Every structure is written in structure tokens, then in C-alpha cells.
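Structural features, examined
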Amino acid sequence: MTAYRFRAVSAVALFLLLAFAVLAFGLVEGWALLIFELGVFALAAVWALGLALGKASWVWNPFYLPLGLVVGWMGVQYARGLSVYPYRTASEGLKWLSLSLLFVLAAHVFADPTLRRAFGRALVWFLFVVCVFGLIQNFTSTGLLYWTIPVTLGRIFGPFVNANHFTILLELVIPTAALLVVRAGEQRLIYAGVLMILIAAVVVCASRMGIVLVAVETALVLGFLALKRRHPKETRARRVGIA
């Protein structure tokens, strides 16, 4: 297996893990979180073997350090008996370890710009489908997840038991959708429709801060692109200077 194919297969695995996290109620249930963590640990073990066999090369990222310090500090608390709630410390430590490994895996897999762009498009389309499902469920279901599971507390949207959490998820993806609207060429109108559905989901979730943040980040992305098109040489020179 070539290095590119190894990364491509890993990108599919990462997508499936994230899709599971979204569809499994946002990982608020213990069983869902356990499956997600085991999936991340298994993929990390495969990558460790791949690095050892030379199938991939190590990619450094400065964010490894703070993530490692957080996980390490939790380990020290648990090992030295400094925690007032050892079980909770251990469970949160495993969660932070899995999320840190997920970040490391993403940094390695998406070092390839082709895979990075494809993954971004796939994620936008996946959340578009989830938003359509969420909007239909919102107007046809009376507080039932997947039309079958009752939720007594909070405001649901799509597969999430907390609509505010779903809004946060959309805030991470909407800038990518906005970039696709500008760069998609003949598919620009299609991605504009996708972006409108994502924004409509944010509005229906009724998260005031979410609406404000989505508006701000969309304006920033479009403003940066407009500035880049107006002064391409100057923007490129600034990027080189920062690098």
C-alpha cells in the first residue's frame, strides 16, 4: 500500500468515526463514547505500525504540546492520587487522550492537501444531509429523536439532544461551506444552497450566540476572500512573511 493510499483509507476511517459521533447523539451516551474511543485507539495503533514500517512520515504540529500537557497532567493526578474523584479523572483522561490522538491523526492524514479538500467537501455534504433530517424532524416530531426516542429535557435537533451543541458543530463547518461557495465554479449555486440550509439549521436551533458567531465567521471568510482577490500579490507577500 502506497503512502497516499494509506492516508486515503485513514481519511475514510476518520470520516466514519466523526459521522458516528454525530449520529450517536453527539457522544453523550457512555456506550457511544466507548465505541468512539476504541475506534480512535485502533486507528492510532494502525498509524503507529505504519510509521514504524515506513508507510508514513511523522508530521509535527505545535498543538501537540498543550494537548500532551493536558493528558499528562490528568495521568499524574490519577497515578499520584491527587484527584478527589479518581474514576471521573480516569474517564475524562481517556476522553482527552482519544481526542488528542484524533488531532494527531488528522494532522498526519490531512498533510496531503488533496485529501484535506476532499474531506472538507464530504463533511459539508454529510452535515447538509443531517441538517435536512434535523429540519424535517423538527417540524414533524414532538421531541422524539429519530421519531422514536423521547427526550424530556432540553431542545433537540437532528441526532443531538442539545440543539446548542449542534450549532457549535455547524460553526466549525460553515466557513468551509462558505469557501466552497466562492471557489466551486459551476457548482457555486449548489453550494450556496447547501450553505443556506446549514444557516437555516442554526436559526431553527434558536441559539442566539450561535447565530451571531455564524454571521461573524461567514463575514470574516468572505471578507478575507474579497481582500485576497482585490490584492492578490500583497496577500501572498503577507502569507510568505508570516510563514
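Residues numbered from 1 in each chain as written. Predicted model: local features only at pLDDT ≥ 70, side-chain atom pairs only at ≥ 80, totals over all residues. Heavy atoms only, no water.

**Quick word on the pattern of salt bridges**
Defined as follows: Basic side-chain nitrogens of Lys or Arg form a salt bridge, by our definition, when they fall within 4 Å of a carboxyl oxygen of Asp or Glu. Numbering goes from the N terminus for both helices and strands, where a helix is a DSSP run of H or I of at least four residues and a strand is a run of E of at least two. To sort residues, take the accessible area from a 1.4 Å probe on protein chains only and compare it with the maximum for the residue type: under 20% means buried, over 50% means exposed, and anything in between is partly exposed.
Under the definition given, this model contains 2 salt bridges. The partner of Glu92 in a salt bridge is Arg88, with the nearest N and O atoms 3.4 Å apart. Linking Glu92 with Arg88, this pair stays in helix 4 (residues 86-109), spanning 4 residues, or about one helical turn. In this structure Arg88 comes out as partly exposed when scored by relative accessible area, which is 47%. With a shortest N-O distance of 3.4 Å, Lys95 and Glu92 are connected by a salt bridge. Here Glu92 and Lys95 lie together in helix 4, a separation of 3 residues that amounts to about one turn. Here Lys95 falls in the partly exposed class, since its relative accessible area comes to 26%. When salt bridges with common partners are traced through the structure, they connect Arg88, Glu92 and Lys95 into a single cluster.

**Focus on the nonpolar core**
Basically, it comes down to this: By nonpolar core is meant a set of buried Ala, Val, Leu, Ile, Met, Phe, Trp, Tyr and Cys residues that side-chain atoms within 4.5 Å join together. The criterion used for residue contact is that any of the two residues' heavy atoms lie within 4.5 Å.
Leu127, Phe157, Phe166, Leu170, Ile174 and Leu198 are the most contacted members of the largest nonpolar core, which has 32 residues in total. Those elements that place two or more of their residues in this core are helix 1 (3-23), helix 5 (113-140), helix 6 (163-183), helix 7 (188-204) and helix 8 (208-230). When residues in this core are grouped by element, the largest group, 11 residues, is from helix 6. Those residues in contact with Leu127, other than ones at most four positions away along the chain, are Leu169, Leu170, Val173 and Leu198. Ranked by size, the runner-up nonpolar core spans 21 residues in total, among them Ala24, Ala32, Ala56 and Leu102.

**Overview of unusual backbone geometry**
Leaving glycine aside, a negative phi is the common case for residues, and trans is the common case for peptide bonds. Look at Phe25: it is not a glycine, yet its phi comes out positive at around 60°. Relative to the helices and strands, Phe25 resides in the loop between helix 1 and helix 2 (30-53). Here Phe25 falls in the buried class, since its relative accessible area comes to 13%. Phi is positive for Tyr146, which is not a glycine, with a value near 55°. Within the secondary structure, Tyr146 is located in the loop between strand 1 (144-145) and strand 2 (149-150).

**Regarding the confidence of the model for the chain**
Here is the rule: On a range of 0 to 100, pLDDT expresses the predictor's confidence in each residue.
Per-residue pLDDT for the chain has a mean of 89; in total, 94% of the residues score no lower than 70. Per-residue pLDDT stays below 50 along residues 239-243; that stretch engages in 1 contact with residues further than four places along the chain or on separate chains.

**Topic: the packing of aromatic side chains**
Within a pair of aromatic rings, the relevant descriptors are the distance that separates the centres and the angle that separates the planes. Definition in use: Pairing of aromatic rings covers Phe, Tyr and Trp, the last through its six-membered ring, and needs centres within 6.5 Å; plane angles under 30 degrees mean stacked, over 60 mean edge-to-face, and all others mean tilted.
Here the structure, examined in full by the defined rule, presents 17 aromatic pairs. On the basis of an interplanar angle of 45° and a centroid distance of 4.8 Å, the ring pair of Phe6 and Trp47 is categorised as tilted. Here Phe6 is found in helix 1, whereas its partner Trp47 is found in helix 2, with 41 residues between them in sequence. The exposure class of Phe6 is buried, given its relative accessible area of 9%. Relative to Phe126, the ring of Phe15 has its centre 5.7 Å away and its plane inclined at 75°; by these criteria the two rings are edge-to-face. Here Phe15, found in helix 1, pairs with Phe126, found in helix 5; they are 111 residues apart in sequence, far enough to count as distant. Taking the relative accessible area as the measure of exposure, Phe15 reaches 21% and is therefore partly exposed. Relative accessible area serves as the criterion here: at 15%, Phe126 is assigned to the buried category. Through pairs of rings, three or more aromatic residues link up here, namely Phe20, Phe25, Trp31, Phe133, Tyr146 and Trp147.

**Considerations on the packing of helix 2 against helix 4**
Note the cut-off: Note on definitions: angles span 0 to 180 degrees between N-to-C directions of axes, and those axes are lines fitted to C-alpha atoms, for helices only across the stretch in contact. The scheme is simple: roughly parallel for angles under 35 degrees, roughly antiparallel for over 145, roughly perpendicular for 65 to 115, oblique for anything else. Less than a right angle of anticlockwise turn of the near helix away from the far helix marks a crossing as left-handed, whereas a clockwise turn marks it as right-handed.
Following both chains from N to C, one finds helix 2 and helix 4 inclined at 45°, their axes separated by 9 Å at the closest point. In terms of orientation, helix 2 lies oblique with respect to helix 4. Like other packed secondary-structure pairs, helix 2 and helix 4 cross with a definite hand, here left-handed. Of helix 4, the residues touching helix 2 (which contributes Leu33, Phe36, Glu37, Val40, Phe41, Leu43, Ala44 and Trp47) are Leu94, Lys95, Leu97, Ser98, Leu99, Leu101, Leu102, Leu105, His108 and Val109.

**Comments concerning a nonpolar patch on the surface**
Note the following rule: For patches, a residue must show more than 30% relative accessible area and have no salt bridge; joins then use 9 Å for like charges and 5 Å for nonpolar side chains, namely Val, Leu, Ile, Met, Phe, Trp and Tyr. Methods summary: accessible areas were calculated by the Shrake-Rupley approach with a probe of 1.4 Å, and residue burial reflects only the protein chains presented.
On the surface, a nonpolar cluster with roughly 470 Å² of combined accessible area is contributed by Met209, Val212, Leu213, Val216 and Leu220. By the secondary structure assignment, Met209 is in helix 8. Here Met209 falls in the exposed class, since its relative accessible area comes to 54%.

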